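Notes for the structure review
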Amino acid sequence: NAGVMQNPRHLVRRRGQEARLRCSPMKGHSHVYWYRQLPEEGLKFMVYLQKENIIDESGMPKERFSAEFPKEGPSILRIQQVVRGDSAAYFCASTGSSGGETQYFGPGTRLLVL
Amino acid sequence: QKEVEQDPGPLSVPEGAIVSLNCTYSNSAFQYFMWYRQYSRKGPELLMYTYSSGNKEDGRFTAQVDKSSKYISLFIRDSQPSDSATYLCAMSAGGNNRLAFGKGNQVVVIP
């Protein structure tokens, strides 16, 4: 399966805990995007990364959220001290370059904060 | 004003009908226009991709882009129950390729 992979598919956390979401891009892709989908809302851009670089984090909340895409391994979206408002579906997408190529999405991680 | 407007109202049509969906946008820099289909509890799946203005047809699906009016459309002919899903419009200015999405339309095709 050469598609975008995300895990876990479902994640339950209590308020104050940390959530780590992982994304492995499509084979051959080196550009990763994270989006958040809140109930009754469309997908909202969060961050764009290339290997070892954050290119655009204009959609990331200022606090508690961070992202990385190391040289080896998956991209990680990390949410510290989660609150109920963080409950959402988090999607990762990848492309092979940044010049208008289509983005292919993973199945998402559904985070529920109790 | 939101970058992308998509009336999120649900749409129910009988099997075989034509489904018409549309989005408007405000950012003149958008050059790439997409429609994604999302089944319940799944990730968005690319359906149609168009660069700049014009029409594109793929089987039962037709995408139209009118940049002068900042208006894009998706038409589904001979709709099938398997077309029941949420349809999201998305667009990008290129460059860093950040996608701006509409809220999505839930479409139900009734057998």
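Coordinates for the structure precede this section.
These figures come from a predicted structure and were not determined experimentally. (Residues numbered from 1 in each chain as written. Chains lettered and ligands numbered in written order. Predicted model: local features only at pLDDT ≥ 70, side-chain atom pairs only at ≥ 80, totals over all residues. Heavy atoms only, no water.)

**Quick word on the overall build of chain B**
For chain B, the helix and strand inventory stands at zero helices and 11 strands. N-terminal to C-terminal, the α/β element order of chain B is β-β-β-β-β-β-β-β-β-β-β. Here the C-alpha radius of gyration of chain B, 13 Å, is about what a compact globule of 111 residues would show, namely 13 Å. Relative to its 111 residues, chain B shows a buried fraction of 42%. When contacts within chain B are restricted to residue pairs at least 6 apart in sequence, long-range pairs at least 24 apart make up 54% of them. Looking at chain B as shown, the accessible area adds up to about 5100 Å², and 48% of this sits on carbon and sulfur atoms. Averaging the locations of the 11 positively and 10 negatively charged side chains of chain B gives two centres separated by 7 Å. (Helix = DSSP H or I, 4+ residues; strand = E, 2+ residues; numbered from the N terminus. Rg over C-alpha atoms; globule rule 2.2 N^0.38 Å. Buried < 20%, exposed > 50% of the residue type's maximum accessible area, 1.4 Å probe, protein only. Contact = heavy atoms within 4.5 Å. Areas by Shrake-Rupley, 256 points an atom, 1.4 Å probe, with all protein chains shown as cover. Lys, Arg positive; Asp, Glu negative; His and termini not counted. Charge placed at Lys NZ, Arg CZ, Asp CG, Glu CD.)

**With respect to the interface of chain A and chain B**
Each partner contributes residues to the interface: chain A has 25 residues there, and chain B has 19 residues. Roughly 1800 Å² of surface becomes buried between chain A and chain B when both sides are summed, with 51% attributable to carbon and sulfur atoms. Taken together, chain A and chain B are joined by four residue pairs in polar contact (both at pLDDT 80 or more). Only β4 (31-37), β5 (43-50) and β9 (88-95) of chain A provide two or more residues apiece to the side of chain A that touches chain B. Its residues assigned to classes, the side of chain A that touches chain B comprises eight nonpolar, 11 polar and six charged. (Buried area = accessible area lost by both parts, 1.4 Å probe. Polar contact = N/O pair within 3.5 Å; in protein donor to acceptor, adjacent residues only side chain to side chain. Nonpolar A, V, L, I, M, F, W, Y, C, P; charged D, E, K, R; others polar.)

**Thoughts on the pattern of salt bridges**
This model, assessed by the stated rule, comprises seven salt bridges over all chains. Taking the shortest distance from any N to any O, the salt bridge between B:Glu57 and B:Arg77 comes out at 3.4 Å. In this pair, B:Glu57 is assigned in strand β6 (residues 54-58) and B:Arg77 in the loop between β8 (71-76) and β9 (85-92), connecting sequence segments 20 residues apart. Under the relative-accessibility criterion, B:Glu57 is labelled exposed at 58%. A relative accessible area of 29% places B:Arg77 in the partly exposed class. Measuring nitrogen to oxygen at the nearest pair gives 2.8 Å for the salt bridge that ties B:Asp83 to B:Arg60. Within this pair, whereas B:Asp83 is found in the loop between β8 and β9, its partner B:Arg60 is found in the loop between β6 and β7 (61-66), the two being separated by 23 residues in sequence. The exposure class assigned to B:Arg60 is partly exposed, which follows from its relative accessible area of 26%. Here the salt bridges share partners, and the residues they tie into one network are A:Glu18, A:Arg20 and A:Arg78. (Salt bridge = Lys/Arg side-chain N within 4 Å of Asp/Glu carboxyl O.)

**Remarks on the side chain of A:Asp56**
With respect to the helices and strands, A:Asp56 occurs in strand β6 (residues 53-56). No salt bridge is formed by the buried A:Asp56; its nearest oppositely charged neighbour, B:Arg98, is found at 4.6 Å. Only 2.7 Å separates the side chain of A:Asp56 from the side chain of A:Ser58, close enough to count as a polar contact. Here A:Asp56 is in contact with A:Phe45, A:Met46, A:Val47, A:Tyr48, B:Asn96 and B:Arg98, once residues within four sequence places are set aside.

**Side note on the sheet that holds strand β3 (residues 19-25) of chain B**
The pairing of strands in a sheet comes from backbone hydrogen bonds and takes either a parallel or an antiparallel form. Residues and elements named next belong to chain B. Within the open sheet, the five strands sit side by side as β1-β3-β8-β7-β6. Their pairing is antiparallel. Each having just a single partner strand, β1 (4-5) and β6 make up the two edges of the open sheet. Note that β3 and β8 share six bridges and pair antiparallel. Its bridge partner being in β8, Leu21 is matched across the sheet by Leu74. (Pairing = 2+ DSSP bridges.)

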